[in-house]
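The lines below spell out each chain.
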Amino acid sequence: MKVGLFVTCLVDLVRPNIGFATLKLLEDAGCEVIVPATQTCCGQPGYNSGAREISQRLARKVLAEFKDCDYVVAPSGSCSGQVKIHYVQDLFRNAAESERIEFEKLSAKWFELSDFLVNVLKLTVLSSEFAAASFPGSITYHDSCAGLREINIKHQPRKLLARSGCNLIEMNDAEKCCGFGGTFSIKLGEISTRMADNKCVNIAVTGADAVIGGDLGCLMNIEGRLRRTGDAKTQVYHFAEVLAGMAK
Amino acid sequence: MFFKQTASVKLNDAVLQKALKNAKGKFVDGRAASVATIDNWEAIRTHAAALRDRVIDSLDAYLIEFEQKAVSRGAVVHWAETADEANAIIVKIARDNSVKTVTKSKSMVSEEVALNDALEAAGVTVLETDLGEYILQLAKEPPSHIVAPAVHKSKEQVAQLFVDHHHTPRLTDIAAMTREAREVLRSHFLAADMGISGANFVIAETGTTLTVTNEGNADMVTTIPRIHCVITGIEKVIPTLDDFATLMRLLPRSAIGQSITNYLTLTTGIKAADEQEGPEQMHIVLVDAGRTKLVGSEMSEMLRCIRCGACMNHCPVYQNVGGHAYGWVYPGPMGSVLTPVYKGIEDAGDLPNASTFCGECQVVCPVKIPLPDLMRKLREQQFDMKLRPASERWAIKVWGFFVSRPALYALAARIGARFAAWIGGRDRLIHTLPGIDGWTSGRDMPAPEGKTFRELYAARQIK
Amino acid sequence: MSARDHILARIRANAGKQGLTTAAELAAARHVINARERGPLPTFGQHDPLCHFIEECARLKTTLAEVDSLTEVPREVARYLSVVLGLTNQQVRIAGWPEFAPLDWSSVQIDYANRPAAASDLIGITGCFCAIGETGTLLLLGAHNTPKVTALLPETHICIVKKSRMVATMEDAFQLCRDELGELPRATFFVSGPSRTADIEQTIVIGAHGPYRVHVVLVS
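Parameters and conventions
Residues numbered from 1 in each chain as written. Chains lettered and ligands numbered in written order. Predicted model: local features only at pLDDT ≥ 70, side-chain atom pairs only at ≥ 80, totals over all residues. Heavy atoms only, no water. Helix = DSSP H or I, 4+ residues; strand = E, 2+ residues; numbered from the N terminus. Buried < 20%, exposed > 50% of the residue type's maximum accessible area, 1.4 Å probe, protein only. Contact = heavy atoms within 4.5 Å. Areas by Shrake-Rupley, 256 points an atom, 1.4 Å probe, with all protein chains shown as cover. Lys, Arg positive; Asp, Glu negative; His and termini not counted. Charge placed at Lys NZ, Arg CZ, Asp CG, Glu CD. Pairing = 2+ DSSP bridges. Axes fitted to C-alpha atoms, helices over the stretch in contact; angles between N-to-C directions. Buried area = accessible area lost by both parts, 1.4 Å probe. Salt bridge = Lys/Arg side-chain N within 4 Å of Asp/Glu carboxyl O. Polar contact = N/O pair within 3.5 Å; in protein donor to acceptor, adjacent residues only side chain to side chain. Nonpolar A, V, L, I, M, F, W, Y, C, P; charged D, E, K, R; others polar. Patch = residues over 30% accessible without salt bridge, like charges linked within 9 Å, V, L, I, M, F, W, Y side chains within 5 Å. Phe/Tyr/Trp six-rings, centres within 6.5 Å; stacked < 30°, edge-to-face > 60°. Lys NZ or Arg CZ within 6 Å of the ring centre and 35° of its normal. Core = buried A, V, L, I, M, F, W, Y, C linked by side-chain atoms within 4.5 Å. Domains from an automatic or database assignment. Expected span 1.5 Å × (residues − 1). Arc of directions from axis to C-beta.

Undergrad: What am I meant to see in the overall build of chain A here?
TA: When its secondary structure is counted, chain A shows 14 helices and eight strands. Seen along its three principal axes, the alpha-carbon backbone of chain A occupies a region of about 55 × 45 × 25 Å. Scored against the burial criterion, the 248 residues of chain A give a buried share of 66%. For chain A, the share of sequence-separated contacts (at least 6 apart) that also reach a separation of at least 24 residues comes to 79%. As presented, chain A carries roughly 8,500 Å² of accessible surface, and 50% of it is formed by carbon and sulfur atoms. Where the 28 positive side-chain charges of chain A centre and where its 28 negative ones centre are 3 Å apart.

Undergrad: Please clarify how the sheet that holds strand β6 (residues 167-168) of chain A should be interpreted in this entry.
TA: In any sheet, the strands associate via hydrogen bonds between backbone groups, in a parallel or an antiparallel arrangement. All names here are of chain A. Pairing is parallel across the open sheet formed by four strands, whose spatial order is β6-β5-β7-β8. A single partner strand is all that each edge strand has here, and the edge strands are β6 and β8 (235-238). Note: strand β7 (residues 210-213) against β8, four bridges, orientation parallel. In the sheet register, Gly213 faces β8, and the bridge partner there is His238. Lying over the sheet, helix α10 (residues 155-163) contacts β5 (138-141), β6 and β7, oriented at roughly 170° with respect to β5.

Undergrad: Whenever I open this one, the arrangement of the chains confuses me. Can you help?
TA: Looking at the two pairs of chains with contacts, the pair that accumulates the most is chains B and C. Over all C-alpha pairs, chain A and chain C never come within contact, reaching a minimum spacing of 18 Å.

Undergrad: Help me understand the interface of chain A and chain B in this model?
TA: Note: interface size is frequently given as the accessible area lost on complex formation between the parts. Contacts between the two partners involve 66 residues from chain A, matched on the other side by 64 residues from chain B. Sorting the residues of chain A by area buried against chain B places Asp12, Lys187 and Arg228 of chain A first, and these three jointly supply 12% of that buried surface. Counting the contacts that link chain A with chain B gives nine salt bridges. Across the pair Lys187 of chain A and Glu392 of chain B runs a salt bridge whose closest N-O atoms are separated by 3.4 Å. Along the contact surface separating chain A from chain B lie 37 residue pairs in polar contact (both at pLDDT 80 or more). Considering every element that reaches the side of chain A that touches chain B, the biggest residue donor is helix α12 (residues 189-206) of chain A, with nine residues. Of the residues belonging to the side of chain A that touches chain B, the class tally is 28 nonpolar, 20 polar and 18 charged.

Undergrad: What am I meant to see in a nonpolar patch on the surface here?
TA: All names here are of chain B. On the surface, a nonpolar cluster with roughly 360 Å² of combined accessible area is contributed by Phe401, Leu408, Leu411 and Ile415. A total of three residues in the nonpolar patch trace back to one element, the largest contributor, which is helix α20 (residues 406-424). Mapped onto the elements, Leu411 comes out in helix α20.

Undergrad: What is the right way to look at the packing of aromatic side chains in this model?
TA: Two measures describe an aromatic ring pair: the distance that separates the ring centres and the angle between the ring planes. The tally for this structure, following the rule as stated, stands at 23 aromatic pairs over all chains. A centroid spacing of 5.6 Å and a plane angle of 10° characterise the contact between Tyr263 of chain B and Phe189 of chain C, whose relative ring orientation is stacked. Note that Tyr263 of chain B is positioned in strand β9 (residues 263-267) and Phe189 of chain C in strand β9 (residues 187-191), a pairing that runs across two chains. Both residues of the pair, Tyr263 of chain B and Phe189 of chain C, belong to the buried class. The cationic tip of Arg165 of chain C hangs over the ring face of Phe129 of chain C; the distance from NZ or CZ to the ring centre is 4.9 Å.

Undergrad: What am I meant to see in the environment of Asp68 of chain A here?
TA: All names here are of chain A. As for its position among the elements, Asp68 is in the loop between α4 (52-66) and β3 (71-74). Here Asp68 falls in the exposed class, since its relative accessible area comes to 62%. Along the primary structure Asp68 and Leu106 are separated by 38 residues, whereas in three dimensions their C-alpha atoms are 9.8 Å apart. Sequence-distant contacts of Asp68, that is, excluding residues within four places in its chain, are made with Lys2 and Lys109.

Undergrad: How should I be thinking about the nonpolar core in this particular structure?
TA: Here is a general trend for soluble globular proteins: nonpolar side chains tend to be buried in one another's company. Within the largest apolar cluster, 120 residues are counted, with the highest numbers of intra-cluster contacts made by Ile191 of chain A, Phe3, Phe244 and Met302 of chain B together with Met170 of chain C. Judged by nonpolar contacts, the second largest core, of 60 residues, contains Phe111, Met171 and Ile212 of chain A together with Ile430 of chain B.

Undergrad: Could you clarify how one ought to interpret the interface of chain C and chain B in this entry?
TA: Residue-level contacts link 76 residues of chain C with 102 residues of chain B. Taken together, the two surfaces of chain C and chain B that pack against each other cover about 7,400 Å², and 55% of this comes from carbon and sulfur. Of all residues in chain C, Arg186, Ile200 and His209 of chain C bury the most surface against chain B, accounting for 13% of the area lost on that side. Here chain C is connected to chain B by 16 salt bridges. Among the ionic pairs, Asp242 of chain B bridges to Arg38 of chain C, the shortest N-O distance being 3.6 Å. The interface formed by chain C and chain B contains 49 residue pairs in polar contact (both at pLDDT 80 or more). Only α1 (3-14), α2 (23-35), α3 (49-60), β6 (137-142), α5 (149-152), α6 (170-181), β9 and β10 (196-197) of chain C provide two or more residues apiece to the side of chain C that touches chain B. Ranked by the residues each element gives to the side of chain C that touches chain B, the list is headed by α1 of chain C, at nine residues. Considering only residue class, the side of chain C that touches chain B consists of 34 nonpolar, 21 polar and 21 charged.

Undergrad: Honestly, the domain arrangement of chain A in this entry has me stumped. Any pointers?
TA: Residue and element names in this part refer to chain A. Assigned domains of chain A: these are domain 1 (2-120) and domain 2 (130-243). Spacing between the C-alpha centres of domain 1 and domain 2 amounts to 22 Å. Opposite the 27 residues of domain 1 that make contact, domain 2 presents 25 residues. In total, domain 1 and domain 2 occlude about 2,000 Å² of area from one another, counting both sides; carbon and sulfur atoms represent 67% of this. Where domain 1 packs against domain 2, one counts two salt bridges. As a salt-bridge pair, Glu223 and Arg15 come within 3.5 Å of each other at their nearest N and O atoms. One can count nine residue pairs in polar contact (both at pLDDT 80 or more) joining domain 1 with domain 2. Mapped onto the side of domain 1 that touches domain 2, the elements with two or more residues apiece are α1 (9-13), α2 (16-28), α5 (77-91) and α7 (113-120). For the side of domain 1 that touches domain 2, the per-class residue count stands at 11 nonpolar, 12 polar and four charged.

Undergrad: I keep staring at α1 of chain C and nothing clicks. Help me out?
TA: Every α-helical turn comprises 3.6 residues, leaving residues that sit three or four positions apart pointing alike. Compared with an ideal rise of 1.5 Å per residue, which puts 12 residues at 16 Å, α1 of chain C spans 16 Å between its outermost C-alpha atoms and is within 8% of the ideal. Residues of α1 of chain C that are buried include every one of Ala3, Ile7, Leu8, Ile11 and Arg12 of chain C, and no others. Taken end-on, α1 of chain C shows its buried residues confined to a sector of 165°, consistent with a single buried face. Buried-residue contacts for α1 of chain C involve α4 (59-72), β1 (75-80), α5 (83-96), β10 (281-287) and α13 (291-294) of chain B together with α2 of chain C. Once α1 of chain C ends, the next one or two residues include Gly16 of chain C, with phi positive near 75°.

Undergrad: When you look at α7 of chain A in this model, what are you seeing that I'm missing?
TA: All names here are of chain A. Of all eight residues making up α7, seven are buried, and the element is well covered by its neighbours. Where α7 is concerned, the buried positions are Leu113, Ser114, Asp115, Phe116, Leu117, Val118 and Val120. For α7, the secondary structure elements touched by its buried residues are β1 (2-5), α2, β3, β4 (110-112), α10 and α14 (239-243). In the stretch just after α7, Lys122 is the one whose phi turns positive, near 60°.

Undergrad: Would you take a moment to explain the domain arrangement of chain C for this structure?
TA: In terms of domain boundaries, chain C breaks down into domain 1 (3-35) and domain 2 (49-219). Distance between the C-alpha centres of domain 1 of chain C and domain 2 of chain C: 42 Å.

Undergrad: How should the environment of Leu456 of chain B be read in this particular structure?
TA: Tracing the chain through its elements places Leu456 of chain B in helix α22 (residues 453-462). Note: C-alpha distance between Leu456 of chain B and Lys69 of chain B (387 residues apart in sequence) is 74 Å. Ignoring anything within four residues of it in the chain, the contact list for Leu456 of chain B reads Pro16 and Phe20 of chain A together with Lys451 of chain B.

Undergrad: Help me out: how do you make sense of the pattern of salt bridges in this one?
TA: It is possible for side chains bearing opposite charge to pair when their charged atoms get close. Throughout the structure, instances matching the rule amount to 65 salt bridges over all chains. A salt bridge links Asp96 of chain B to Lys92 of chain B, with the shortest nitrogen-to-oxygen separation between them at 2.8 Å. Here Asp96 of chain B and its partner Lys92 of chain B are both found in helix α5, four residues apart, which amounts to about one turn of the helix. As a salt-bridge pair, Arg213 of chain C and Glu155 of chain C come within 3.9 Å of each other at their nearest N and O atoms. Taken as a pair, Arg213 of chain C in strand β12 (residues 213-219) and Glu155 of chain C in the loop between α5 and β7 (156-162) lie far apart in primary sequence, 58 residues in all. On the accessibility criterion, Arg213 of chain C (28% relative accessible area) is partly exposed. Counted as one network, the salt bridges with shared partners bring together Glu205 and Asp242 of chain B together with Arg36, Arg38, Asp172 and Arg178 of chain C.

Encoded structure:
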């Protein structure tokens, strides 16, 4: 099974560890993972800023890079939503049929990491790996918006984390936006900060040792607010890092 | 950039923050509980969205059918292309009939066109009778929510307004304040020359206009005065009474978590010769004021809107800044679409950007309006028309240049990651960084690890 | 061209349609209207609308009593006035619809005023066209002998509902209107419990501009 890894631009730049954790999870499960060297970004920052043409160009680039894979996996619900939903339903909805079909195929074989592990690889392959990789403390889980509402990522990461022996304490409003929203976090920073603050309060109430999520953007936003408000102890990880035993 | 500055003030308004927190719980939990009592919510939503689309696709035909029916029942139908025209029509009706006093039930279209100001300028006394609207009329403030207009006010503020205007002892109990307002307004209901109401829908089958209320004020306004005037938008027409029944399974649940509102007030034409109550004249003013711009456009789904307010109730941005930050009568995600369309994209400023695209609005919308997609389309218009600040446009251009050129991008990322890691220092946090001060003014930026995934992966492959 | 023509023309132009609205387009709209397609219904005990009506009334804070025949209504009303409003051993004036004027009110010390309620009336008695099980709703149709103000102005609204007039849904209620009246009357008024507001701090207060109490007397 040839699985393309879409690293995401944020993971590439800021936290390669998440990329390697994803790679480990996939390879341990017996996937032949290929990582196209030319990949950059799915185009979402431009798309959501109104730069439609650039985002179409990037979508074509992504398609070309992953055309030959049986599956594509990304450790992000947000980028996955962009590819699975927005490429097809918006950016290439009115494209020539041949091109539209190519994007529909890409959409069908593209999976967010936890969704891929649970619903394509069916968990069992991975269970032995997880036994050794449990996170020592308690965790709480933040549902990222695009993953949750665009491609239904909700139980998959929880299932995997439970398998790996994590003690999950649900926070209030786990599904509420953390305020990241890509460029929103900079353009309307004050509102974004307040939303992050609300999230941090809900995290603190659980008393969990770590907050886990599936999108690095949200995690950076939450961690940034935690640290600014003097919380140096609550750890912030992508679920891939926890599952792969690479939370460090 | 009106929104950003006002939002900043609102974030630091303690009374407002308390009110918003209180409202959020009630609206969000109330809706969820009430929606859960229906076992085919999604099927009803789908049907409702389709029936709204069907009307909008042939809006002219349904409006003509409605007009014909309404006229046959004795109503006069007026058409207004603009806010000014709508006001002129209603002022003329008032003048022609020597109207001195008007009681009014809540109408967002009347807020849109600033009808009260026009009537007051013509020497007509207007009294809002919805409790929330009445409070705001005393306070001389616009509504901050389309369903709960005074949601931003504390009971202490309301108590003070009543002391100032009713000249009665200060009350502390909400039920007592409500009774006082009832008693003050009762005599006005009975004496008014003209009643003005909005319409949640108008029905083509029967020529009916209707209002959905809990207080009973719309019933007074449409029953007691000798003239009833309805002001509403042209998109409010629905084909049949059965369609109304369908929409009523959605609207009160989405708006306030009730399976039905206490009153549904359907009015069709004028009173019969033998009736002791009811208006002698009924005027229906159908307002365009920007709505036709949406017809056939890439944002036509917005015309489905049934004004329930669920999008704002669930919007994390609205929940933190309240309705006044949006600068016009329609707040929240629906306002972020309607205001730019009705008032002009040139003046929309940050509104289409006042969303993280979290998608909650779309999930709760009873008629499935893809609000994030519509806001994104407005962002595309802003981008194409160069309406966003130069710095932002430049940033997108630079970004677009690099992400399209993998080799250059790899190099830039390599340098950027190292540089940012270096700024991050030992605690691996960037406390301030020019260009992203929107972020760093309230949060640290977790610093990159120092090397990019692509270089580490390449190194691993060589080994 | 009038504002009407401008608006209709703009709608058509933006929708990509030429010229004026055609007869065929109007016929198509009329076809949709006449088809009166019903939307999907939730499951709520349609088979026993009365039972559901009673449950919904409790939620709406509408109080309920059942009697076997119309002749028993005055005694039930007197009981309600005494137990709930504390009006005992005194002549009580009620404004009510003509339909119920012939009942024996004097034996229970009720002064039944056969006229529309005025602002000074504390209690109003009405019937209803039908009642709706799904939502616990009363449908009143305003006409010369069924004035709406009687259900609106007094602080207490007592509604006499014949069990035979119970329908399952709002759609059924509208169909009953069409079947029995041909067209919708001027004032079609759905009442679901006493009036309320939540406009101050989203705190629900019963009794806004309409009645504080709605009491239904179900008649077999």
